[in-house]
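Given next are the chains, with one letter for each unit.
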Amino acid sequence: WRETKTKHHELLPISINYVRLAQSSPEFEEILSENPLVRRSFEEQFIIGTEYSFTYDSRLKNNDGNNFYFKGGIDLSGNLAQLINTIGEESSFGEETDYELLGTNFSQYTRLETVYKYFIKFKDGNILANRLMMGAGVPYGNATTLPYIKQFFVGGGNSIRAFQARSIGPGTYRRTEQDQNGNIFIDQSGDLKLEINTEYRFDIYSIFKGAVFVDAGNVWLVNEDTLRPGGDFKAEQFINELAVGTGFGLRI
């Protein structure tokens, strides 16, 4: 629902996803066999929860001067399913469990994600566009890891453009056998995400416009994974672990 011209709410009271890995190649299975946590994120499972997001965009009201955009969302999964399973049992809500729904595991987590954008418009019409993206997902109770489709990634055309999609992180981790497996980066995902972009957009001629940009960011794990060394988040050093890329782009 739209509260005002600039404020928009979206609520999914019940969001249901069913994840099942139907087919996989020997190379894919080899990577999964190397890390139990990564394999767990691909297991057959239900994702049942509630999602809510709020968006504020001042550009819908004023597109002439400086503008601000914000979107924040929360995704809660598995809480009701675990609460129902704990009724009449000694285990408490939130404790580590291994319950099933219709014979299939269900995932339990809390996931938050925010996007901030600030656009500075100059008198000549050129724009300095800034973006800050942050995300955090914490598995608990019936899950030891986030489902793969709910994990965070960076890199690629809409992220840190100097790096291939999903090829950064977590932290300082990097696959030593990456070249042998081609462009498979399935274990380079994280529970935490930080991404910063700054882009100066200017006119060239007619519909052709240019942009000079700087991107930085990475993903991290909430818990240490011995098979992905350097992947966990440490407050005192995460700044030094940001991947940075810069470049020039043509906009039409």
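Scroll up to find the structure.
The rules behind each value
Residues numbered from 1 in each chain as written. Predicted model: local features only at pLDDT ≥ 70, side-chain atom pairs only at ≥ 80, totals over all residues. Heavy atoms only, no water. Core = buried A, V, L, I, M, F, W, Y, C linked by side-chain atoms within 4.5 Å. Buried < 20%, exposed > 50% of the residue type's maximum accessible area, 1.4 Å probe, protein only. Contact = heavy atoms within 4.5 Å. 1 Å grid on protein atoms, 1.4 Å probe; cavity = no way out; pocket = protein on both sides within 12 Å on 5 of 7 lines; lining within 4 Å. Points joined across faces, edges and corners; volume = space filled by probe spheres on them. Helix = DSSP H or I, 4+ residues; strand = E, 2+ residues; numbered from the N terminus. Nonpolar A, V, L, I, M, F, W, Y, C, P; charged D, E, K, R; others polar. Salt bridge = Lys/Arg side-chain N within 4 Å of Asp/Glu carboxyl O.

**Looking at the nonpolar core**
Side chains of a nonpolar character, in soluble globular proteins, are inclined to be buried together.
Reasoning step 1: Listed in full, the eight residues of the largest apolar core are Phe 28, Ile 31, Leu 32, Val 38, Phe 42, Tyr 148, Phe 153 and Ile 186.
Reasoning step 2: The contact partners of Tyr 148, leaving out residues within four places of it in the chain, are Ser 41, Phe 42, Phe 153, Arg 166, Phe 185, Ile 186 and Ser 189.

**Topic: the layout of surface pockets**
Reasoning step 1: Within this model, the largest pocket holds a volume of roughly 310 Å³.
Reasoning step 2: If you trace the largest pocket, you find 16 residues lining it, with Glu 51, Ser 53, Lys 71, Gly 73 and Glu 113 closest to the centre.
Reasoning step 3: For the lining of the largest pocket, the elements supplying multiple residues, two or more each, are β1 (7–19), β2 (45–57), β3 (67–77) and β6 (109–121).
Reasoning step 4: Here the residues of the lining of the largest pocket sort into five nonpolar, four polar and seven charged.

**Comments concerning the pattern of salt bridges**
Reasoning step 1: Applying the stated criterion to the full structure yields 13 salt bridges.
Reasoning step 2: As a salt-bridge pair, Arg 131 and Glu 195 come within 3.0 Å of each other at their nearest N and O atoms. Residue Arg 131 is found in strand β7 (residues 127–139), and its partner Glu 195 is found in strand β8 (residues 192–205); the two are separated by 64 residues along the sequence.
Reasoning step 3: When its relative accessible area of 1% is taken as the criterion, Glu 195 is described as buried.
Reasoning step 4: Here Glu 195 and Lys 193 are joined by a salt bridge, their closest N and O atoms 3.9 Å apart.
Reasoning step 5: By relative accessible area, which is 11% here, Lys 193 ends up buried.
Reasoning step 6: Three or more residues are tied together by salt bridges with common partners; here these are Arg 161, Glu 199, Arg 201, Asp 215 and Arg 251.

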